[in-house]
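Listed below are the residues making up each chain.
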Amino acid sequence: MKIRVLGAFGAEGIGQRPTAFLINDRILLDGGTVGGALTVPEQITIEHALLSHAHLDHVEGLAYLTETLAFSESPVSLTITSMAPVVDALRTSVFNNVVWPDFASIPSVDRPVVKYRTLVEEAEQRVGDLWVTPVAVSHTVPTTGYIIHDGTTGFIFSGDTGPTQAIWKEGRSLRGLRAVMLECAYPDRMAELASIAKHMTPALVQRELDKIPADVPVWIYHVKPQFADEIGEQLSKVGGDRVTIMEQDKTYTL
Ligand SMILES: [Zn+2]
Ligand SMILES: [Zn+2]
C-alpha cells in the first residue's frame, strides 16, 4: 500500500499544506490539499475522498478538485465518503450553491462530478481496493478515524482527536497493522487549548504509546504550521525513533 503525503499540516503556511493523503493513487484520505500537490492527470485518477470530518483543513482541496474533474474531457466522478454527519455537512455547508457549486448535479444529475456515500460506523467496508472501518473519535464536531487495510497490511488513521480510547477497543481486529498515523496539533504549553479544541500535544502522544503495539511506528501529522519547530522539538523527546513527523510529498509504503 502506498501513502503519499499531499499535505501534512493542520492549517496552511508557506510550503505547509493542510491535511491530505493519497492512497494507491485513487483514494484521498482527507482532502485539505489536492491541486497544490498533484498534477491534473493525477487528480483525475482520484475516485474516492474518504473524510475524517468536515473542518476546512480537511476538505478545502475538494472544492478545486471537483472543478478540475468537471473540466475533464472524459466523464469522471468523486465519491465523497464518510459517516453520515460528515457527508451531510459537505452536502449542505460546502457544495450548497452558496459556498461552492452543487457538483452533485453538475454537469447533470445523471452523471454528476460528486457522489456521496455514507459508511456504517464500526463495520469493515470496501472503499476502492481497501477495507475501511470507521471509528468515531473525540473532536469538536463529528469525526471518524479509520482502520484501513488492503488485505495484507494496514494502518490506523486517527482523524482530528483528543486521546484515542475508541480506536483501541478490546477485541478489535488489527491484523497486519504496520503504522499508526496520529494527529498532533499544539505544543505542550497549549495543553488547555488542546483539551478544549480536542487535539493532541506531544505529552498526550507520549501517553498514546502505551496503547499502541510496541513494534508499530507512530507517524505524526496535523502539526499547526506556526508551532512546527516547537512541536518537533518536543516530539523528538517522545518515543525515540518510534515517533516521527510525516514528511510532506513523501510516499510511505506499507
Ligand atoms: Zn484539522
Ligand atoms: Zn478538526
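Presented here is a report on the structure given in the accompanying data block. Computed from a predicted structure; not experimentally measured.

1. Quick look at the pairing of strand β6 (residues 114-118)
Phase 1 of the analysis: Taken together, the five bridges between strand β5 (residues 78-82) and β6 define a ladder with parallel strand orientation. Counterpart to T81 in the pairing with β6 is R117.
Phase 2 of the analysis: The handedness of the β5 to β6 crossover, carried by helix α3 (residues 84-94), is right-handed.

2. Structural notes on the pairing of strand β10 (residues 154-157)
Phase 1 of the analysis: What you see with β10 is no split at all: G154 and I156 on one side and F155 and F157 on the other are buried throughout.
Phase 2 of the analysis: Pairing of strand β9 (residues 144-149) with β10, which is carried by four bridges, proceeds in the antiparallel orientation. Note that in β10 the partner of H149 across the bridge is G154.
Phase 3 of the analysis: One ladder, built from four bridges, connects β10 with strand β11 (residues 177-183); its direction is parallel. Bridge pairing in β11 places G154 opposite L177.

3. Some words on helix α2 (residues 56-71)
Phase 1 of the analysis: Taking 1.5 Å of rise per residue, the 16 residues of α2 would be expected to cover 22 Å, and the 23 Å separating its terminal C-alpha atoms lies within 8% of that figure.
Phase 2 of the analysis: D57, H58, V59, G61, L62, A63, L65, T66, T68 and L69 are the residues of α2 that are buried.

4. Here's the deal with the coordination of the zinc ion (ligand 2)
Phase 1 of the analysis: Coordination of the zinc ion (ligand 2) by the protein comes from H53 (NE2), H55 (ND1), H139 (NE2) and D160 (OD), over a distance range of 2.1 to 2.4 Å.
Phase 2 of the analysis: In this structure, the zinc ion (ligand 2) is coordinated by four donor atoms arranged in irregular fashion, with angles at the metal of 89 to 165°.
Phase 3 of the analysis: Donor residues binding the zinc ion (ligand 2) come from one chain and are separated in sequence as H-x1-H-x83-H-x20-D.
Phase 4 of the analysis: Metal-to-metal, the separation of the zinc ion (ligand 2) and the zinc ion (ligand 1) is 3.4 Å; D160 coordinates the two. Taken together, the residues H55 in the loop between β4 (48-50) and α2 and D160 in the loop between β10 and β11 connect sequence positions 105 residues apart.
Phase 5 of the analysis: Given a relative accessible area of 1%, D160 falls into the buried group.

5. Some words on the side chain of Q125
Phase 1 of the analysis: Secondary-structure assignment places Q125 in strand β7 (residues 125-127).
Phase 2 of the analysis: One polar contact links the side chain of Q125 to the main-chain amide nitrogen of V120, over a distance of 2.7 Å.
Phase 3 of the analysis: A polar contact is formed between the side chain of Q125 and the backbone oxygen of A123, at a distance of 2.5 Å.
Phase 4 of the analysis: Every residue in contact with Q125, bar those within four places of it in the chain, is listed here: R117, L119, V120, L130, W131, V132 and P134.

6. Some thoughts on the nonpolar core
Phase 1 of the analysis: Counting residues in each nonpolar core, the largest one holds 54 residues, and the members touching the most others are F21, L29, I148, F155, M181, V205 and I220.
Phase 2 of the analysis: Sort the elements by how many residues they give to this core and β11 lands first, with five residues.
Phase 3 of the analysis: Residues I46, L51, F95 and V113 belong to the second largest nonpolar core, which totals 25 residues.

About the cut-offs
Residues numbered from 1 in each chain as written. Chains lettered and ligands numbered in written order. Predicted model: local features only at pLDDT ≥ 70, side-chain atom pairs only at ≥ 80, totals over all residues. Heavy atoms only, no water. Pairing = 2+ DSSP bridges. Helix = DSSP H or I, 4+ residues; strand = E, 2+ residues; numbered from the N terminus. Right-handed = clockwise from strand over helix to strand, strands pointing away. Buried < 20%, exposed > 50% of the residue type's maximum accessible area, 1.4 Å probe, protein only. Expected span 1.5 Å × (residues − 1). Donors = N, O, S within 2.8 Å, 3.2 Å for Na, K, Ca; no water. Tetrahedral: all angles 85-135°; square planar, octahedral: opposite > 155°, others 65-115°. Polar contact = N/O pair within 3.5 Å; in protein donor to acceptor, adjacent residues only side chain to side chain. Contact = heavy atoms within 4.5 Å. Core = buried A, V, L, I, M, F, W, Y, C linked by side-chain atoms within 4.5 Å.

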